[in-house]
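Below, each chain spelled out in residue letters.
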Amino acid sequence: DGGITQSPKYLFRKEGQNVTLSCEQNLNHDAMYWYRQDPGQGLRLIYYSQIVNDFQKGDIAEGYSVSREKKESFPLTVTSAQKNPTAFYLCASSTSNGSFYGYTFGSGTRLTVV
Amino acid sequence: AQSVAQPEDQVNVAEGNPLTVKCTYSVSGNPYLFWYVQYPNRGLQFLLKYITGDNLVKGSYGFEAEFNKSQTSFHLKKPSALVSDSALYFCALYSGAGSYQLTFGKGTKLSVIP
């Protein structure tokens, strides 16, 4: 079955540590997105990529980094510069040409600073 | 600029009663409109979309939504609420032009009371 997989489901980070969240899709989608979700604040866009080897900052990119070396993969690194990283992180993908049918989301990664 | 508003942070409804979750939008051009549902600690799941055609759109789990161009609204409805419908609901908009990105509302928490 086609879909989008995020791992791990739960992640714990120590102060000053970088961590990487995985996002893989087998939907043949060109575009991929990372969102952060905090209680009562909806979805905030961190980074997005519409094609391999290219990505753009979203609304809250500071303290995060991404790469897009393969069409299927869009990992997100939460760096030590992100002062308040505890949140629920969602990855999504979509087409970026022709017909648009919205996003497909992964099941999320909950990151907690310990 | 385009925007989506979900005027209610929370909606409470008794089981078996009809439910409505409101969404209004602002965009130049013809909108693509979506509803997604999120259960706790899960990703967003697609419910339904309006792109063109019939203003009444039917989706998953018995939900439907009516596109009203004059009122710029796309309210989500269900004739008879179930306790299992309790979740967070997001309305989203694509302008139909430019980058394939969705603009999300802040979400409405639906609680169905037994």
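Look up: the structure comes first, before these words.
Here goes a summary of the coordinates provided.

**Side note on the overall build of chain B**
Looking only at helices and strands, one finds 0 helices and 12 strands in chain B. Listed N to C, the secondary structure of chain B is β-β-β-β-β-β-β-β-β-β-β-β in terms of helices and strands. The globule rule puts the C-alpha radius of gyration for 114 residues at 13 Å, and the 14 Å found for chain B is close to it. In terms of principal-axis extent, the alpha carbons of chain B reach across some 45 × 30 × 20 Å.

**Here's the deal with the pairing of strand 3 (residues 19-25) of chain A**
Residues and elements named next belong to chain A. The alternating pattern of strand 3 places Val19, Leu21, Cys23 and Gln25 on a buried face, while none of Thr20, Ser22 and Glu24, on the opposite face, is buried. Pairing analysis gives 4 bridges linking strand 1 (residues 4-7) to strand 3, with the strands arranged antiparallel. Opposite Ser7, over in strand 3, you have Ser22 as the bridge partner. Direction of pairing for strand 3 relative to strand 8 (residues 76-78): antiparallel, over a ladder of 3 bridges. Bridge pairing in strand 8 places Leu21 opposite Leu76.

**Some points on a nonpolar patch on the surface**
Residues and elements named next belong to chain A. A surface patch of nonpolar side chains, amounting to about 350 Å² of accessible area, comprises Tyr10, Phe12 and Val114. Tracing the sequence through the fold places Tyr10 in strand 2 (residues 10-13). Given a relative accessible area of 46%, Tyr10 falls into the partly exposed group.

**Some remarks on the pairing of strand 12 (residues 108-113) of chain B**
Here 5 bridges tie strand 2 (residues 10-14) of chain B to strand 12 of chain B, and the two strands are oriented parallel to one another. Within strand 12 of chain B, the position partnered with Val11 of chain B by the bridge is Leu110 of chain B.

**Quick look at the state of the cysteines**
Here the structure, examined in full by the defined rule, presents 2 disulfides over all chains. Through a disulfide, Cys23 of chain A is tied to Cys91 of chain A; the S-S separation comes to 1.9 Å. Its S-S torsion of about -80° marks the bond between Cys23 of chain A and Cys91 of chain A as left-handed, since a negative value means left-handed. Residue Cys23 of chain A is located in strand 3, and its partner Cys91 of chain A is located in strand 9 (residues 87-94); the two are separated by 68 residues in the primary sequence. Residue Cys91 of chain A is classed as buried on the basis of its relative accessible area, which comes to 0%. Linked covalently through their sulfurs, Cys23 of chain B and Cys91 of chain B form a disulfide whose S-S length is 2.0 Å.

Parameters and conventions
Residues numbered from 1 in each chain as written. Chains lettered and ligands numbered in written order. Predicted model: local features only at pLDDT ≥ 70, side-chain atom pairs only at ≥ 80, totals over all residues. Heavy atoms only, no water. Helix = DSSP H or I, 4+ residues; strand = E, 2+ residues; numbered from the N terminus. Rg over C-alpha atoms; globule rule 2.2 N^0.38 Å. Buried < 20%, exposed > 50% of the residue type's maximum accessible area, 1.4 Å probe, protein only. Pairing = 2+ DSSP bridges. Patch = residues over 30% accessible without salt bridge, like charges linked within 9 Å, V, L, I, M, F, W, Y side chains within 5 Å. Areas by Shrake-Rupley, 256 points an atom, 1.4 Å probe, with all protein chains shown as cover. Salt bridge = Lys/Arg side-chain N within 4 Å of Asp/Glu carboxyl O. Disulfide = S-S within 2.5 Å.

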